[in-house]
Amino acid sequence: MSDRQDEDTEIAAFLRGLHRRGIRDPAVLRAMELVPRALFVEPGLRRHAYDDVALPIACGQTISQPSLVAEMTEALQVTAGHRVLEVGTGSGYQAAILSHLAADVVTVDRYRSLVAEAQVRFQELGLRNVSALVADGRGGMPSRAPYDRIMVTAATREVPPALFEQLRIDGLLVAPVGDPASVQDLTRYAKGVDGISATRLCAVRFVPLLEGVSARL
Ligand code: SAH
């Protein structure tokens, strides 16, 4: 088989795996099909790109397990008119998935080098509705607010208040909330006129949401 056929077979198995793990939203499955995860992992780890595992990326960070990316995307209930903020660009994979579902995606990371690499990937894939910016995501990105949806992909004991402020009424926010050194609860928050309500979804493990923009890298 050619490399291209090998990759198609691998991606078909990858999608069947997501379906088996309960991902049913056709738009989410389609987005997962359209974004080549191989482009977002280190060249030496490409043979594992379509395995359902988290993998190390630069700056000591990780790209999440694809079934978790799909689950978080499904939980966020993104539709075509939405403006979405992601905190924790990492490789850019999650933002690329969101860009196929939303009108507009803003993603921020505290590492300049991760943001620069993600921008190159978005360009290579021709994704024009996603921008990666360097910022401390604990403050959100007020210049682009308000957001219909916010996803945090780093562990935090509490959702930073700025994120709730930048979320529209009727907006949803998904974040791993709990002890960054152990296990967190993936939690979905809904903002209504009377305040915020929270639903716990499942147990997850993320790298911590750290303070400030990195001085190096
Ligand atoms: N969503 C990513 C994986 C996220 S890993 C992907 O699809 O590949 C968590 C990311 O959060 C890391 O890249 C880390 O640098 C970033 N991060 C941690 N603290 C942050 C902060 N305060 N502001 C912005 N990004 C932060």
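In the nomenclature of an unreviewed UniProt entry, the chain is known as Protein-L-isoaspartate O-methyltransferase of Aquabacter spiritensis. UniProt lists a comment for the chain under the heading Catalytic activity (unreviewed entry), and it reads "[protein]-L-isoaspartate + S-adenosyl-L-methionine = [protein]-L-isoaspartate alpha-methyl ester + S-adenosyl-L-homocysteine".

Q: Is there a simple way to explain the site of the ligand in this structure?
A: Within the structure, the ligand sits among 26 residues, and Glu86, Ser91, Asp109, Gly137 and Leu210 are positioned closest to it. One of the backbone nitrogen or oxygen atoms of Gln94 is found 3.0 Å away from an oxygen atom of the ligand. Between the ligand and Arg110, the relevant distance is 3.4 Å, taken from a nitrogen atom to a main-chain nitrogen or oxygen of the residue. Protein chains shield 99% of the accessible area of the ligand, which is 580 Å² for the free molecule. Among the secondary structure elements, those contributing two or more residues to the shell around the ligand are strand E2 (62-63), helix H4 (93-99) and strand E4 (104-109). Of the residues in the shell around the ligand, the class split is eleven nonpolar, ten polar and five charged.

Q: Sorry, what's going on with the packing of helix H1 (residues 3-20) against helix H2 (residues 26-34) here?
A: The angle between the axes and the distance between the axes are what describe a pair of packed helices. In contact at an axis separation of 10 Å, H1 and H2 are set at 150 degrees when each is read in the N-to-C sense. Accordingly, the angle class assigned to the pair H1 and H2 is roughly antiparallel. Like other packed secondary-structure pairs, H1 and H2 cross with a definite hand, here right-handed. Judged by residue contacts, Phe14, Leu15, Leu18 and His19 of H1 engage Leu29, Met32 and Glu33 from H2. Looking at the contact of H1 with H2 residue by residue, the classes come out as five nonpolar, one polar and one charged.

Conventions and cut-offs
Residues numbered from 1 in each chain as written. Predicted model: local features only at pLDDT ≥ 70, side-chain atom pairs only at ≥ 80, totals over all residues. Heavy atoms only, no water. UniProt positions renumbered as here; feature names shortened; annotations may be inferred. Near = heavy atom within 4 Å. Polar contact = N/O pair within 3.5 Å; in protein donor to acceptor, adjacent residues only side chain to side chain. Areas by Shrake-Rupley, 256 points an atom, 1.4 Å probe, with all protein chains shown as cover. Helix = DSSP H or I, 4+ residues; strand = E, 2+ residues; numbered from the N terminus. Nonpolar A, V, L, I, M, F, W, Y, C, P; charged D, E, K, R; others polar. Axes fitted to C-alpha atoms, helices over the stretch in contact; angles between N-to-C directions. Parallel < 35°, antiparallel > 145°, perpendicular 65-115°, else oblique. Left-handed = near helix turned anticlockwise from the far one by under 90°. Contact = heavy atoms within 4.5 Å.

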